[in-house]
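Commentary on secondary and tertiary structure
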Amino acid sequence: MPEGSSSPRTLAEALRTRDDEELAALLRARPDLLNPVPGDVTQLATRAGTRASVVRALERLDRFALQTAEALAVAPDPAPYKTLLALLSGDEGDPDVEAALPRALGVLRGQALVWGGDDRLRLVRTVRELLAPSPTRPSPTGLGPTVAESTSGMSPGRLQDILATAGLSTTHDPVSAVASLTSLFTDRRRMGALLDTAPSEALTVLDRLVWGPPYGEVTANPAPPVQWLRDHGMLLPASPRTVVLPREVALHLRGGRAHRVPEPVPPAVGPAASASLTQGRPQVVDSTAAGQAFTALSTVEDLLQDWHEGGPAVMRSGGLSVRDLKRAAAALDTGEQMAAFWIELAYAAGLLAADGEANERYAPTPAYDEWLTQPPAERWALLASAWLTATRTSGLIGGQDAKGRSLSALGPDLDRSAAAEVRRRVLDLLAVLPAGTAPDPETVLARLRWERPLRGGTGADANAARSAADGSVDLRSRVAAWTLTEAETLGVTGRGALSAHGRALLGPSGPSGTGPDAARTPGPDASRTAGAGPGPVALAAAALAPLLPEPLDHVLLQADLTAVAPGPLERPLAETLAVLADVESKGGATVYRFTPGSVRRALDAGRSASDLHAFLATHSRTPVPQPLSYLIDDVARRHGHLRIGAASAYVRCDDDAMLDEILADKRSQGLRLRRLAPTVLAAQADPGALLDGLRSMGYAPAAESAEGDVLITRAHARRTPPRTPPAPVPDGPPVPDPTLLGAAVKAIRAGDLAATVERKPAPEPSPNGSLPRSSSAETLATVQAAAMTGSAIWIGYVNAEGSASQRVIAPVRVEGGFVTAYDHTADEVRTYPLHRITGVAELADDSA
């Protein structure tokens, strides 16, 4: 599959033969090449070969594309297509490798990691440096240096001894000696015959080195098997105490394969063993996921309601303390790790933030109040979309960073740029399975490892990265495992399978490829699609809405002073009932318990006994039990009988006998009360402490204002100033949009035209080859002639800041000392003062 009719000599020439779509595809696959936009194709090729850019490109290769690059790194440079195929498929051949190699090679060519036609395939130099073996770093394939590289410092006499021992004719120079030895090791028949004469112990030594690492230590007097291998050139010295297995010998022993196990086909995502329970029954999955989604909404509401009047303090280093996390977990009746997940989810959705005060605390944001007014399905869709795109990783909480510092909830250093991509890719893999089918988690992890084998290590670290990927320690596998758990908890999946609203959250046309760029992190406009239809968030809400239970307007009152809510309650009912009663248990139905304290709380909030009786009679499907009516009347009769105001504090009561009872009670000694009048007691405690003290003694006092009116106490809602949700940390530069890609390609083409266009020879060329200077008259005449004929010219130009440049322009109009022309370099129409044009030259090809 050659890139052009003639083989290019450089990467820049290879890129120059590509059309605009192919250049745009390169910039889309490697967006770091766009910052800033290259001035021409040569600059683009130079930037594509820089180490940082190459490392990023290698990290995004799938397993087989990487294996193809690794094979090219140990092949001759340049290598024919057949040689590459032989290294990947071995002597016996492999149909899967044969079928997959064109795609893998196309990926490498498309990303400008490989260039040249099929007869001369070349790796970019930086890629070869990263993947080829060296004395300090073996190849990711486990192959060592070639015979020529291993014998570069060897004495000619030693080379001739090896030839003689191997049964080869001696030569007159080292170059021909190396060629003769290489020819032996690459000849399957002769090499097989030589190995047949080797001692069995020598073959055992070769077996230990053949798949790498190819280096081994030897003593001054090696064992006979090792000495036999050294004498025959199958082990060559790498240092005074180290020998290396030459690449040609290793390839013979491997059967011509560069890799022990080529992986041309991505591992399939298989169903879990329990998938048969839900397979073919997606409605069961959707119902289960909807139940989890409803529980998620209730949990987030409970968390933020618990912090309604101001949450825990922000630590000096940022984040939530371990003690406050434990309190939140106890309030939510869950584990600390799951509590951290809910806290981070609320933070990612913009519902929770720090208030920014001097004594900084966490509190709900104004967006939380707006969120509460939305339908339940829309509230869930906002949470799920925030989770899908967030880069903050709650699974890291409780661990340590690179400096050994503990990672806390809502603290810094929780962003992992790969988290959003992995999360999205896991859901995409679930979407490939039939509806209602749960995946085997191990097959999901295996697929992710195939798609990103180098994530976390390149070049010399490739083997270590692969080893890490095979365990549970690498970040991508951990994030994938957390994703499966979090998706189930949030209601994106049900019984392990992706739900209908989870599929809608991925968008109407999610990625379906198998390559490294199949999954892209959704951008900030993920809630909208390019067309006029609703976005993924709206589609997910619409899919979930019919599955959520309708809010109820009633409860069931019971004689044991409890009320049972058989489902979700309408918000006004739920808010009033939360003041009047305490939540005793949650689940499919919520149980509320009425106590004297809860009834007093409702009275303190301004409700009268008649209001409470009417409220219960209206919203109960069962008759109001007599014990509950008695409880309300009893608390209301005593409520406000004592009045407390600010003197420092005082107690006022029309019943002086009750005041005598309080003074006689030993529990009141800490309040330091004294009688001022028959119906008034004074205290040295403040009004709040006096209220709490008398309530703990069993009384129901009411606070009053300076005018003597009863103060109505309601929960004070504490809110932060308006806050924006935390922005996800991108994994490298964002993927450019089509408009930017088109403009960048035009700019590169225009710059390349200016740099490579052929010009007519000047009558007096300058010694350094730059544009000759022209007189004012010559400049004006040439520009006017070009404007009349519609041809393009090449100019030297100095701007107002004194910066010089060379441009290709097509003059349109010349008047008033200015020339208006289409600038091919800038791809726009510009006006240039004639006096700033230092020289002009006609193009050899006016069609440029």
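Rules of the game
- Residues numbered from 1 in each chain as written.
- Predicted model: local features only at pLDDT ≥ 70, side-chain atom pairs only at ≥ 80, totals over all residues.
- Heavy atoms only, no water.
- Salt bridge = Lys/Arg side-chain N within 4 Å of Asp/Glu carboxyl O.
- Buried < 20%, exposed > 50% of the residue type's maximum accessible area, 1.4 Å probe, protein only.
- Helix = DSSP H or I, 4+ residues; strand = E, 2+ residues; numbered from the N terminus.
- Contact = heavy atoms within 4.5 Å.
- pLDDT = per-residue confidence, 0-100.
- Pairing = 2+ DSSP bridges.
- Axes fitted to C-alpha atoms, helices over the stretch in contact; angles between N-to-C directions.

**Focus on the pattern of salt bridges**
Considering all chains together, one arrives at 32 salt bridges under this definition. Between Asp413 and Arg405 there is a salt bridge whose closest N-O contact spans 4.0 Å. On the basis of relative accessible area, Asp413 is assigned to the partly exposed category, the value being 41%. Here Arg405 falls in the partly exposed class, since its relative accessible area comes to 45%. When the shortest N-O distance is used, the salt bridge between Asp604 and Arg695 registers 2.9 Å.

**Some points on the side chain of Ser408**
Its place among the elements puts Ser408 in the loop between helix H20 (376-389) and helix H21 (419-432). Setting aside its immediate chain neighbours within four residues, Ser408 contacts Met315, Gly318, Gly319, Leu320, Ile397 and Leu414.

**A look at the confidence of the model for the protein chain**
Looking at the protein chain, the pLDDT average stands at 84 and 88% of residues meet or exceed 70. Residue range residues 1-5 is modelled with pLDDT below 50. Its contacts to residues more than four positions away, or to other chains, number 15 contacts. Contacts for the low-pLDDT stretch residues 762-769, under 50 throughout, to residues beyond four places or in other chains number 2 contacts.

**Quick look at the sheet that holds strand S13 (residues 590-593)**
What the 4 strands build is an open sheet, ordered S10-S11-S13-S12; its pairing is antiparallel. Whereas interior strands pair on both sides, the edge strands pair on one side only; in this sheet they are strand S10 (556-558) and strand S12 (582-585). Ignoring strand direction, the axes of neighbouring strands in this sheet form an average angle of 30 degrees. Of the strand pairs in this sheet, S12 and S13 are connected by 3 bridges, and their pairing is antiparallel. The partner of Ser585 across the bridge, within S13, is Val591.

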